[in-house]
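Overview (structure and organization)
Spelled out from the first residue to the last, the chains are:
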Amino acid sequence: MSGPADSIEIQNVVASTGIGQELDLEALADDLPGADFNPDNFPGLVYRTQDPKAAALIFRSGKIVCTGAKSIDDVHDALGIIFDKLRELQIPVDDDPEITVQNIVSSADLGHNLNLNALAIGLGLEDVEYEPEQFPGLVYRMDKPKVVILLFGSGKIVITGGKQTDDAATAVEEIVERIDALGLLG
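Residues numbered from 1 in each chain as written. Predicted model: local features only at pLDDT ≥ 70, side-chain atom pairs only at ≥ 80, totals over all residues. Heavy atoms only, no water.

Considering the environment of Glu88
Heads up, the condition is: In DSSP terms, a helix is any run of H or I states spanning at least four residues, a strand is any run of E spanning at least two, and both are numbered starting from the N terminus. Classification of residues uses two cut-offs on accessible area relative to the type maximum, computed with a 1.4 Å probe and protein chains only: under 20% is buried, over 50% is exposed, and between them is partly exposed.
Its place among the elements puts Glu88 in helix H2 (residues 72–88). Residue class for Glu88 comes out exposed when judged on its relative accessible area of 58%. In sequence terms Glu88 and Thr170 are 82 residues apart; their C-alpha atoms lie 42 Å from each other.

The following block contains the structure:
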């Protein structure tokens, strides 16, 4: 029997790293085929990898943010490609730069419609934001794991703020338990 935890899909992994030195983004944009650099719109250079599909935001400070990856392994692979491209351009990059996961966004389906009005009261107003005129989902801030869960009337949920892949599963188990204890699951 499959439950809500089985429906979890990672939608986006955001991670950061750095090469510890300033970069000339104008020169880098010229030397890196496919790079987008438009400083009037965004201060960083955007470089997209295709396999795995991800985008790296490269800043003048040498900081790099990787976004759009579907797994932590994909983040490491995409950044590995970028580090190799920089090395090919004679830009020194450590053998194994530290990569820090900043956010994992996942989605899941609880398999039941939800009464968000009842949930807003039942989950405790101090941890909940629900203004259906502004946004159709209920925003629930969970302490353990420290994530934010967006719950929708359809039973679909989005978990954001995770730092490890297990955070989504733990959050789904916890929210299902809380909703069920309130008698509001299905």
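Now, onward.
Notes on unusual backbone geometry
In this structure, the amide linkage connecting Asp51 to the following residue, Pro52, adopts the cis form with an omega of 5°. The residue Pro52 is located in the loop between strand S3 (45–50) and strand S4 (53–58) in this model.

Some points on the pattern of salt bridges
Note the following rule: Salt bridge criterion: a side-chain nitrogen from Lys or Arg within 4 Å of a carboxyl oxygen from Asp or Glu.
The tally for this structure, following the rule as stated, stands at 6 salt bridges. Two residues, Glu26 and Arg60, come together in a salt bridge whose shortest N-O distance is 3.4 Å. Within this pair, whereas Glu26 is found in helix H1 (residues 25–31), its partner Arg60 is found in the loop between S4 and strand S5 (63–69), the two being separated by 34 residues in sequence. Between Arg178 and Glu174 there is a salt bridge whose closest N-O contact spans 2.7 Å.

A closer look at the packing of aromatic side chains
Rules: Here a pair means two rings of Phe, Tyr or Trp (six-membered ring of Trp) with centres within 6.5 Å. Their orientation is stacked below 30 degrees between planes, edge-to-face above 60, and tilted elsewhere.
Under the defined criterion, the tally for this structure stands at 2 aromatic pairs. The interplanar angle of 65° and the centroid separation of 5.8 Å between the aromatic rings of Phe135 and Phe152 together place this pair among those described as edge-to-face. Here Phe135 is found in the loop between strand S7 (128–129) and strand S8 (138–142), whereas its partner Phe152 is found in the loop between strand S9 (147–151) and strand S10 (156–162), with 17 residues between them in sequence. Judged by relative accessible area, Phe135 falls into the partly exposed class, the value being 35%.

Concerning the sheet that holds strand S1 (residues 9–18)
Using the following cut-off: A strand pair is defined by DSSP finding two or more bridges across the two strands. Throughout, a residue-residue contact means that at least one pair of heavy atoms, one from each residue, lies within 4.5 Å. Each axis is a line fitted through C-alpha atoms, taken for helices only over the stretch in contact, and angles between the N-to-C directions span 0 to 180 degrees.
Pairing is antiparallel in the open sheet, where 10 strands are placed in the order S2-S3-S4-S5-S1-S6-S10-S9-S8-S7. Two strands close off the open sheet at either side, each with one partner strand: strand S2 (36–37) and S7. Of the pairings in the sheet, the one linking S3 to S4 comprises 6 bridges and is antiparallel in character. Within S4, the position partnered with Tyr47 by the bridge is Ala56. In the packing of H2 onto the sheet, contacts are made with S1, S3, S4, S5 and strand S6 (100–109), and the angle to S5 comes to roughly 135°.

A closer look at the domain arrangement of the chain
Just so we agree on the cut-off: Domain segmentation is taken from an automatic or database assignment of domains.
Assigned domains of the chain: these are domain 1 (15–101) and domain 2 (110–182). Using C-alpha coordinates to define each centre, domain 1 is positioned 34 Å away from domain 2.

Section: the pairing of S1
Note that S1 and S6 share 7 bridges and pair antiparallel. Across the sheet, residue Asn12 finds its bridge partner in S6, namely Val105. Bridge count between S1 and S5: 5 bridges; the pairing is antiparallel. Note that in S5 the partner of Ser16 across the bridge is Val65.

Points about the pairing of S9
With 5 of 5 residues buried, S9 lies mostly within the body of the structure. Burial along S9 is two-sided: Val147, Ile149 and Leu151 and Val148 and Leu150, pointing in opposite directions, are all buried. One ladder, built from 5 bridges, connects S8 with S9; its direction is antiparallel. When the bridges of S9 are listed, Met142 appears paired with Val147. The turn joining S8 and S9, which pair antiparallel and follow one another in sequence, is formed by 4 residues. Note: S9 against S10, 4 bridges, orientation antiparallel. Pairing of Leu150 across the sheet is with Val158, part of S10. The hairpin formed by S9 and S10 contains 4 residues between the paired strands, and Gly155 there has a positive phi angle of roughly 95°.

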